[in-house]
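Single-letter residue listing:
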Protein chains: 2
Amino acid sequence: MLRTSAESHGRELGTSYGYCSLAPSHSLRLCKAKTKMTDIHSLTRRLKRSSDSKIILCVSDGIGGLPLNAGGKTELETAATPNLDQLAQRGVTGMSIPVLPGIAPGSGPGHLGLFGYDPLKYEIGRGVLEALGIDFDLGPDDVAIRGNFCTIDDDGLITDRRAGRIASEIGAKLCEKLDQIEIPGVEVFVRHVKEYRLVIVFRGEGLGGNINDTDPQRTGVLPLRPEGSDAPSEKTAGICTQFLEQAKAVLKDDAPANLLTMRGIAKRPPIPTFEEVYGTRAAAIAVYPMYRGLARLVGMDVLDAGATLDDQMACLKAHWNDYDFFFIHFKYTDSTGEDGNFDGKVERIQDLDAAVPQMTALNPDVLIVTGDHSTPAKMKSHSGHPVPTLLVADHCRFDGSQTYGESVCRVGELGYFEAKYLMLQALAHAGRLDKFGA
Amino acid sequence: MLRTSAESHGRELGTSYGYCSLAPSHSLRLCKAKTKMTDIHSLTRRLKRSSDSKIILCVSDGIGGLPLNAGGKTELETAATPNLDQLAQRGVTGMSIPVLPGIAPGSGPGHLGLFGYDPLKYEIGRGVLEALGIDFDLGPDDVAIRGNFCTIDDDGLITDRRAGRIASEIGAKLCEKLDQIEIPGVEVFVRHVKEYRLVIVFRGEGLGGNINDTDPQRTGVLPLRPEGSDAPSEKTAGICTQFLEQAKAVLKDDAPANLLTMRGIAKRPPIPTFEEVYGTRAAAIAVYPMYRGLARLVGMDVLDAGATLDDQMACLKAHWNDYDFFFIHFKYTDSTGEDGNFDGKVERIQDLDAAVPQMTALNPDVLIVTGDHSTPAKMKSHSGHPVPTLLVADHCRFDGSQTYGESVCRVGELGYFEAKYLMLQALAHAGRLDKFGA
């Protein structure tokens with residue numbers, strides 16, 4: 001009977017593993033013999049162990065950097081980080097490879113990796129991320145689209161792909177108008193995100209999510225026609241076309257925002273939750289929508305905190321007894337890197353450093369500080385360089401790291417590892433994993 | 001139409017990815033939504049970006065070595081390499097694992113790994129390499145065989161597996177005679193390689209490539225009988241047998257070369273080209289046939305240079321504007337290692353060092369120096385030790401390496417990496433990869 005349940009569970013998730021509850025031990029052994037280990041989560045499902053231990057995963061977005069010149073220091077190495085350095089001395093360091101060597105990830109794959117989900121296996125469309133990020137309750141059959149208000153001229157040619165970056169108040173009002181659009185056979189939701197950005201969701205039966213962007217990525221041309229690459233997606237593409245036609249009529253007097261483009265059209269992929277695969281009650285304390293959305297996608301509760309790091313720390317403290325796992329996201333090391341602002345990034349790292357004592361004061365069993373990728377100010381973009389990482393726990397094999405920086409992490413105890421394995425280290429150091437095999 | 005092509009392409013290679021060309025961008029985005037990432041090349045096909053940047057991959061065959069005694073220096077560490085050391089100071093270092101830890105590769109898998117082709121997935125038979133290396137235009141259905149002239153006695157027992165290492169002129173004439181052999185239902189090609197070595201190709205329908213070597217690897221015994229391990233290969237084995245019978249008659253008066261053995265009987269595997277998977281126009285500057293053949297197998301143009309390193313450098317300079325990617329192969333660090341000639345290998349490394357300024361003078365965007373494997377003089381053979389590697393580019397995370405040698409590379413920024421990922425680093429540092437995901 002157990003096996004039947006196990007097998008059906010495996011099928012639900014579209015994988016080949018069987019699911020085992022931990023008791024009774026006889027059945028466990030039966031299952032163990034049958035289970036095929038195909039990925040990280042088939043392992044953690046089997047080995048996960050309940051515990052009172054608490055884990056903090058503090059992600060400083062894009063924290064990895066580059067020296068401006070040979071022999072120089074990176075942003076992280078330049079920053080004065082007494083608290084992070086103390087963590088490095090109390091723990092171990094290493095280098096996280098977000099996806100594969102050299103590959104620069106976007107925020108989606110960068111975070112999925114840190115959460116232990118193979119970013120090459122789980123691909124999340126941009127529309128889905130945006131929808132999750134505004135707390136939209138996205139169902140498994142919904143198609144989510146990121147919209148950008150744009151300006152078209154009398155011939156329909158795009159003259160501004162961001163509609164003059166209209167104010168958020170204007171964008172919000174236009175979304176209310178668009179939300180009135182009705183299309184037979186589907187529910188239509190239009191929600192404002194920020195400035196010229198919005199989310200459109202179509203809810204209905206048999207909709208596919210494989211449709212091209214309509215944003216031509218340049219001005220002076222018509223928007224692209226939405227086309228589906230399979231029958232269900234053709235159906236969605238037809239709905240997109242109807243929506244855009246109605247939107248054109250609705251927005252005709254609203255220049256510069258007199259149309260919108262559609263991007264990242266996608267459905268939510270089936271993805272198991274933290275609770276399922278790790279047995280943790282997980283919470284996210286993130287300010288920016290996309291990271292809140294990513295956390296929600298893997299089943300974390302997204303907590304409401306203010307916009308500052310101190311707000312986030314206060315939120316952490318307030319909910320300390322409610323969860324086992326906390327994902328804290330700090331955005332500004334990435335945005336300063338993207339701006340090419342080396343000194344600014346150094347300052348933001350120092351801001352993060354200043355917040356560290358509020359985390360350590362809670363005595364987490366495992367505290368990890370890392371990034372989802374590197375964003376060197378020198379490159380003004382995400383890069384594929386490995387990401388300096390530190391982990392503090394009682395059972396660390398202390399490696400003599402004296403500071404938290406790239407040069408130290410390069411030779412630390414954690415070695416170079418694919419980000420998707422970091423959760424195993426977190427769980428292991430938190431005493432949340434059984435031994436594998438007899 | 002794109003999808004159909006994509007899917008059939010994916011099937012050909014036995015993977016699940018879809019193929020995207022970069023243009024038109026509409027199709028790319030369409031594909032992006034659908035593609036499942038299962039391997040390196042499904043990733044690079046999607047992320048490859050056109051660029052004017054230029055990459056040099058300089059492979060010093062078997063460059064990795066061993067100290068003769070504990071506490072000693074390797075060949076590379078013993079050599080005076082001021083130019084390579086300067087590169088290490090300008091770049092980053094690391095250790096390449098050719099296949100898996102401890103595994104000593106042959107030249108085929110060693111190079112395929114460096115080219116970014118998983119050597120455990122793409123296995124290239126020796127016969128195929130030999131055929132490609134003599135510019136034989138091998139079709140997808142041809143079976144290629146490496147032949148060795150040998151000496152047999154009156155009882156048919158092998159007395160010399162290399163026929164007294166006959167001169168190349170003799171070998172060439174005997175191959176002309178063998179090329180006259182006719183076998184019903186197949187075309188037969190016999191081509192001389194060098195001294196006692198030749199290539200035989202059978203071209204015909206339904207031939208398999210899974211047949212044992214007939215070389216018994218020792219003297220005083222009969223050659224082994226060719227046997228196929230599946231029906232199409234049984235057919236080929238029968239043709240091999242017919243060929244060998246006729247060859248015995250043709251060569252009966254040509255002692256010491258009065259027969260031949262067959263080795264590495266194989267078909268060319270389906271393998272995508274550099275252009276397909278990386279979007280680069282690639283050229284090889286290699287002297288020895290096998291390396292030229294390997295380069296041709298992945299779609300590189302094989303350039304004609306003289307036999308010296310200076311000739312190779314002159315060729316590089318002459319064709320600098322014609323290609324994006326240059327594979328330069330330097331053989332003598334391997335051959336001296338194979339000979340157990342520690343000092344000779346040190347000298348050959350110094351020869352390579354002396355050629356470095358001719359590469360840097362061209363200002364490549366990425367310059368990599370590595371080996372396909374280690375060939376420690378102490379072992380007189382290929383070994384499974386990781387291979388010291390350096391990479392120089394503007395966006396390196398300079399790691400303080402002062403010299404190019406095993407001890408330095410062990411703690412360099414590139415870490416320990418499987419050779420198959422080196423191309424990702426090359427492309428990333430050359431600005432030839434887009435970000436993965438949003």
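What you see is a predicted model; the values in this text were computed from it and never measured. (Residues numbered from 1 in each chain as written. Chains lettered and ligands numbered in written order. Predicted model: local features only at pLDDT ≥ 70, side-chain atom pairs only at ≥ 80, totals over all residues. Heavy atoms only, no water.)

A. The overall build of chain A, seen in detail. Helices and strands together make up the secondary structure of chain A, namely 16 helices and 13 strands. In summary, chain A has a C-alpha radius of gyration of 23 Å against a globular reference of 22 Å for 438 residues, a match within 12%. Seen along its three principal axes, the alpha-carbon backbone of chain A occupies a region of about 65 × 60 × 40 Å. The buried share of chain A, reckoned over its 438 residues, is 57%. Sequence-distant contacts, at least 24 apart, represent 73% of the contacts inside chain A between residues at least 6 apart. Surface accessibility of chain A: about 17300 Å² in total, with carbon and sulfur atoms responsible for 48%. If the 47 positive side-chain charges of chain A are averaged to one point and the 57 negative ones to another, these points end up 6 Å apart. (Helix = DSSP H or I, 4+ residues; strand = E, 2+ residues; numbered from the N terminus. Rg over C-alpha atoms; globule rule 2.2 N^0.38 Å. Buried < 20%, exposed > 50% of the residue type's maximum accessible area, 1.4 Å probe, protein only. Contact = heavy atoms within 4.5 Å. Areas by Shrake-Rupley, 256 points an atom, 1.4 Å probe, with all protein chains shown as cover. Lys, Arg positive; Asp, Glu negative; His and termini not counted. Charge placed at Lys NZ, Arg CZ, Asp CG, Glu CD.)

B. A look at the relation of the copies chain B and chain A. Turning chain B through 125° and shifting it by 0.5 Å along the axis lays it on chain A, with an RMSD of 0.3 Å. Put plainly, the chains are arranged around a three-fold axis. The position closest to the rotation axis in chain B is occupied by the C-alpha of B:Val411, lying 3.4 Å away. (Least-squares fit on C-alpha atoms with pLDDT ≥ 70 in both.)

C. Layout of the pattern of salt bridges. Under the definition given, this model contains 51 salt bridges over all chains. Two residues, B:Asp215 and B:Arg263, come together in a salt bridge whose shortest N-O distance is 4.0 Å. Taken together, the residues B:Asp215 in the loop between strand S6 (197-203) and helix H9 (231-250) and B:Arg263 in strand S7 (residues 259-267) connect sequence positions 48 residues apart. With a relative accessible area of 3%, B:Asp215 lands in the buried category. One salt bridge in this structure joins B:Arg281 and B:Asp324, with 2.9 Å as the shortest N-O distance. You can see B:Arg281 sitting in the loop between helix H10 (274-278) and strand S8 (282-285) and its partner B:Asp324 sitting in the loop between helix H12 (309-318) and strand S10 (325-330), a full 43 residues away along the chain. One continuous salt-bridge network, built from bridges that share partners, spans A:Arg126, A:Glu130, A:Arg146 and A:Arg197. (Salt bridge = Lys/Arg side-chain N within 4 Å of Asp/Glu carboxyl O.)

D. Region of the structure containing the environment of B:Pro98. Locating B:Pro98 in the fold gives a position in the loop between strand S2 (92-97) and helix H6 (107-114). Taking the relative accessible area as the measure of exposure, B:Pro98 reaches 3% and is therefore buried.

E. Looking closely at the packing of H6(B) against helix H11 (residues 289-297) of chain B. Residue and element names in this part refer to chain B. Closest axis-to-axis distance for the H6/H11 pair is 10 Å, and the angle between their directions is 40°. Here H11 runs oblique to H6, going by the angle between their axes. As for the relative orientation of H6 and H11, their crossing is right-handed in sense. Counting all contacts with H6, which are made through Ser-107, Gly-108, His-111 and Leu-112, the residues of H11 involved are Met-290, Tyr-291 and Leu-294. The class makeup of the residues in the contact of H6 with H11 is four nonpolar, three polar and no charged. (Axes fitted to C-alpha atoms, helices over the stretch in contact; angles between N-to-C directions. Parallel < 35°, antiparallel > 145°, perpendicular 65-115°, else oblique. Left-handed = near helix turned anticlockwise from the far one by under 90°. Nonpolar A, V, L, I, M, F, W, Y, C, P; charged D, E, K, R; others polar.)

F. Spatial organisation of the interface of chain B and chain A. With 34 residues of chain B at the contact, the number on the chain A side is 45 residues. Summed over the shared surface of chain B and chain A, the result is two salt bridges. The shortest N-O distance in the salt bridge between B:Arg46 and A:Glu123 comes to 3.0 Å. Applying the counting criterion to the chain B and chain A interface returns 10 residue pairs in polar contact (both at pLDDT 80 or more). (Polar contact = N/O pair within 3.5 Å; in protein donor to acceptor, adjacent residues only side chain to side chain.)

G. Spotlight on the sheet that holds strand S13 (residues 415-418) of chain A. All names here are of chain A. One open sheet accounts for eight strands, arranged S9-S8-S10-S1-S11-S12-S2-S13; its pairing is mixed. One side of each edge strand has no neighbouring strand; the edge strands of this open sheet are strand S9 (301-302) and S13. Strand direction decides the pairing type here: strand S8 (residues 282-285) and strand S10 (residues 325-330), joined by four bridges, are parallel. Across the sheet, the residue bridging to Ala-282 is Phe-325, located in S10. (Pairing = 2+ DSSP bridges.)

H. Region of interest: the pairing of S6(B). Residues and elements named next belong to chain B. For S6, a buried count of five out of seven residues is recorded, marking the element as mostly surrounded by other parts of the structure. The pairing of strand S3 (residues 143-152) with S6 spans six bridges and is classified as antiparallel. Each bridged residue has a counterpart across the sheet, and for Val-143 the counterpart in S6 is Phe-202. Taking the residues between adjacent antiparallel strands as the criterion, strand S5 (residues 187-194) and S6 are bridged by two residues, where Glu-195 takes a positive phi near 45°.

I. Structural detail: the packing of aromatic side chains. Residues and elements named next belong to chain A. For the coordinates displayed, the defined rule picks out 26 aromatic pairs over all chains. Relative to Phe-274, the ring of Phe-115 lies with its centre 5.9 Å away and its plane at 90°, an arrangement referred to as edge-to-face. Taken together, the residues span a long stretch of sequence, with Phe-115 in the loop between helix H6 (107-114) and helix H7 (126-133) and Phe-274 in helix H10 (residues 274-278) at a distance of 159 residues. For the residue pair Phe-115 and Phe-274, the accessibility class agrees, reading buried in each case. (Phe/Tyr/Trp six-rings, centres within 6.5 Å; stacked < 30°, edge-to-face > 60°.)

J. Spotlight on unusual backbone geometry. In the segment running from A:Ala255 into A:Pro256, the intervening peptide bond is cis, with an omega of 10°. With respect to the secondary-structure elements, A:Pro256 resides in the loop between helix H9 (231-250) and strand S7 (259-267). One non-glycine residue, B:Asn363, adopts positive backbone phi at about 55°. For B:Asn363, a relative accessible area of 60% gives the class exposed.

K. Seen up close, the side chain of B:Ser401. All names here are of chain B. Looking at the element boundaries, Ser-401 is found in the loop between strand S12 (387-393) and helix H15 (406-409). Residue classification places Ser-401 among the buried positions, given a relative accessible area of 6%. Polar contacts involving the side chain of Ser-401 include one to the side chain of Thr-93, which spans 3.0 Å. Only 2.7 Å separates the side chain of Ser-401 from the side chain of Asp-399, close enough to count as a polar contact. The residues touching Ser-401, leaving out its near neighbours within four places in the chain, are Ala-88, Gln-89, Thr-93 and Val-408.

L. Spatial organisation of the nonpolar core. Residues A:Ile103, B:Phe115, B:Tyr117, B:Phe274, B:Met300, B:Phe325 and B:Phe327 are the most contacted members of the largest nonpolar core, which totals 64 residues. A:Phe136, A:Leu138, A:Val199 and A:Ala282 belong to the second largest nonpolar core, which has 54 residues in total. (Core = buried A, V, L, I, M, F, W, Y, C linked by side-chain atoms within 4.5 Å.)

M. Spotlight on the environment of B:Val186. Mapped onto the fold, B:Val186 is located in the loop between helix H8 (168-178) and S5. Taking the C-alpha atoms as reference points, B:Val186 and B:Gly337, separated by 151 residues in sequence, lie 42 Å from one another.

N. Focus on helix H14 (residues 342-360) of chain B. All names here are of chain B. With 19 residues, H14 should reach 27 Å at 1.5 Å per residue; the first-to-last C-alpha distance of 28 Å fits that figure. For H14, the principal kink sits at Ala-354 and spans about 25°; a proline, Pro-357, occurs within the next four residues. Within the sequence span of H14, burial applies to Phe-342, Gly-344, Lys-345, Val-346, Ile-349, Leu-352, Asp-353, Ala-355, Val-356 and Met-359. (Expected span 1.5 Å × (residues − 1). Bend = angle between axes of the 7 residues up to and from the residue.)

O. Quick peek at helix H5 (residues 82-90) of chain A. Residues and elements named next belong to chain A. Regarding H5, the residues found buried are Leu-84, Asp-85, Leu-87 and Ala-88. For H5, the angular spread of buried residues about the axis comes to 155°, placing them on one side. For H5, the elements touching its buried residues are strand S2 (92-97), helix H14 (342-360), strand S11 (366-370) and strand S12 (387-393). (Arc of directions from axis to C-beta.)

P. Up close: the state of the cysteines. Scanning all chains against the criterion turns up zero disulfides over all chains. B:Cys150 supplies the cysteine sulfur nearest to B:Cys240, a cysteine that is in no disulfide, at a spacing of 14 Å. (Disulfide = S-S within 2.5 Å.)

Q. Just a nonpolar patch on the surface, in detail. On the surface, a nonpolar cluster with roughly 260 Å² of combined accessible area is contributed by B:Leu100, B:Ile103 and B:Leu120. We classify B:Leu120 as exposed; its relative accessible area is 55%. (Patch = residues over 30% accessible without salt bridge, like charges linked within 9 Å, V, L, I, M, F, W, Y side chains within 5 Å.)

R. Geometry of the sheet that holds S10(B). Residues and elements named next belong to chain B. Strand order in this open sheet of eight strands is S9-S8-S10-S1-S11-S12-S2-S13, and the pairing throughout is mixed. A strand with exactly one partner marks an edge of an open sheet, and here the two such strands are strand S9 (301-302) and strand S13 (415-418). In this fold H6 packs onto strand S1 (55-60), S2, S10 and strand S11 (366-370), with an angle of close to 155° to the strand it touches most, S1.

S. Region of the structure containing the side chain of B:Ser96. Note on placement: B:Ser96 falls in strand S2. With near-sequence residues (within four places) excluded, B:Ser96 lies in contact with B:Leu114, B:Thr370, B:Pro386, B:Val387, B:Thr389, B:Phe417 and B:Ala419.

T. Spatial organisation of the environment of A:Pro216. All names here are of chain A. When you line up the elements, Pro-216 lands in the loop between strand S6 (197-203) and H9. Spatially, the C-alpha atoms of Pro-216 and Asp-254 are 21 Å apart, while their sequence positions differ by 38 residues. Setting aside chain neighbours within four positions, we find Pro-216 in contact with Ile-158, Val-221, Leu-222, Pro-223 and Leu-224.

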